[in-house]
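The lines below spell out each chain.
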Amino acid sequence: MSFAELGLNPIVLKCLETTGYTEPTGVQSQAIPAALEGKDLLVSSHTGSGKTAAFLLPSLHKLAEPSKIPGADKIQGPRLLVLCPTRELALQVQKQAGIYGAGIKKLRTVCLVGGAPFGPQFQAMRYNPEVMIATPGRLIDHMERGRIDFSRLEVLVLDEADRMLDMGFVEDIEHIVSRTPA
């Protein structure tokens, strides 16, 4: 099976070609079609199995098309939110989003993580990023300052959710999810 057979947007497929990946991994071939159908997923797979692409590729497929939310073009805020337990993972996800989404016109990302100054993060949010990758604590810091509107959010990913729960982020995750659309 090829990535093209999964039904991904041609723009995403073209970006994927530049990475040298030609065939989806097991987790990707199962998760991508389900995600494209709009299903909620709970994915568990070993390190290096391609989980990041399994959620980014169908998400970017969605972002390659205009939002179906009425008035979304006038709303500030992300269409994709990826929560990560650590700064390092968040930066890795942002890098992959940039690679896989390079062909999507005006795709902007922002990475909100602790240990980085607020100023550049706030400036990046002014350009209305479609993709927001964040650690829970720093995201809540920005939310409490009124800097984030989730009304055009279409995809929420809890990357390494088990690890975030082990690290004690359950209340933070519940707080963030309560502020996102149903």
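The structure we're discussing is the one just above.
Residues numbered from 1 in each chain as written. Predicted model: local features only at pLDDT ≥ 70, side-chain atom pairs only at ≥ 80, totals over all residues. Heavy atoms only, no water.

Caption draft 1: Local environment of the packing of helix H5 (residues 118-125) against helix H6 (residues 136-144). Here H5 crosses H6 at 65°, and the two axes come no closer than 12 Å. Here H6 runs roughly perpendicular to H5, going by the angle between their axes. When you trace H5 past H6, the crossing you get is right-handed. The residues of H6 that touch H5, namely those facing Phe 118, Gln 121, Phe 122 and Met 125, are Arg 138, Asp 141 and His 142. (Axes fitted to C-alpha atoms, helices over the stretch in contact; angles between N-to-C directions. Helix = DSSP H or I, 4+ residues; strand = E, 2+ residues; numbered from the N terminus. Parallel < 35°, antiparallel > 145°, perpendicular 65-115°, else oblique. Left-handed = near helix turned anticlockwise from the far one by under 90°. Contact = heavy atoms within 4.5 Å.)

Caption draft 2: Highlighting H6. Turning to H6, its buried residues are Pro 136, Arg 138, Leu 139, Ile 140, His 142 and Met 143. Where H6 is buried, its residues touch strand E1 (80-83), strand E2 (109-112), H5, strand E3 (131-134), helix H7 (161-166) and helix H8 (170-178). Positive backbone phi, at 75°, marks Gly 146, one or two positions downstream of H6. (Buried < 20%, exposed > 50% of the residue type's maximum accessible area, 1.4 Å probe, protein only.)

Caption draft 3: Summary view of the side chain of Asp 159. Take Asp 159: it is sitting in the loop between strand E4 (155-158) and H7. Buried within the structure, Asp 159 lacks any salt-bridge partner; Lys 51 is the closest side chain of opposite charge, at an N-O distance of 6.7 Å. (Lys, Arg positive; Asp, Glu negative; His and termini not counted. Salt bridge = Lys/Arg side-chain N within 4 Å of Asp/Glu carboxyl O.)

Caption draft 4: Just the nonpolar core, in detail. Membership of the largest hydrophobic core comes to 31 residues, with the highest contact counts inside it found for Phe 3, Leu 56, Leu 57, Leu 60, Leu 80, Val 82 and Val 93. Contributions of two or more residues to this core are made by helix H1 (10-17), helix H3 (51-63), E1, helix H4 (87-100), E3 and E4. Top element by residues in this core is H3. It accounts for six residues. Setting aside residues no more than four positions away along its own chain, Leu 56 makes contact with Leu 80, Val 93, Gln 96, Ala 97 and Tyr 100. Counting 17 residues, the second largest nonpolar core, distinct from the first, contains Leu 83, Ile 140, Met 143 and Ile 148. (Core = buried A, V, L, I, M, F, W, Y, C linked by side-chain atoms within 4.5 Å.)

Caption draft 5: Structural detail: the pattern of salt bridges. Applying the stated criterion across every chain yields a total of five salt bridges. Across the pair Lys 39 and Glu 37 runs a salt bridge, and its minimum N-O distance is 3.2 Å. Between Arg 138 and Asp 141 there is a salt bridge, with its nearest N and O atoms 3.8 Å apart. Taken together, the residues Arg 138 and Asp 141, both in helix H6 and three residues apart, mark about one turn of the helix. The exposure class assigned to Asp 141 is partly exposed, which follows from its relative accessible area of 29%.

Caption draft 6: Molecular detail of the packing of aromatic side chains. Scanning all chains against the criterion turns up zero aromatic pairs. One Lys or Arg, Arg 145, reaches over the ring of Phe 118 and ends 4.4 Å from the middle of that ring. The positively charged end of Arg 147 is found above the aromatic ring belonging to Phe 122, 4.4 Å away from the centroid. (Phe/Tyr/Trp six-rings, centres within 6.5 Å; stacked < 30°, edge-to-face > 60°. Lys NZ or Arg CZ within 6 Å of the ring centre and 35° of its normal.)

Caption draft 7: Here's a closer look at the pairing of E2. Where E2 lies against E3, four bridges are found, and the strand directions are parallel. When the sheet's bridge partners are listed, Val 110 is paired in E3 with Met 132. (Pairing = 2+ DSSP bridges.)

Limitation: the analysis is restricted to geometry and does not speak to function.
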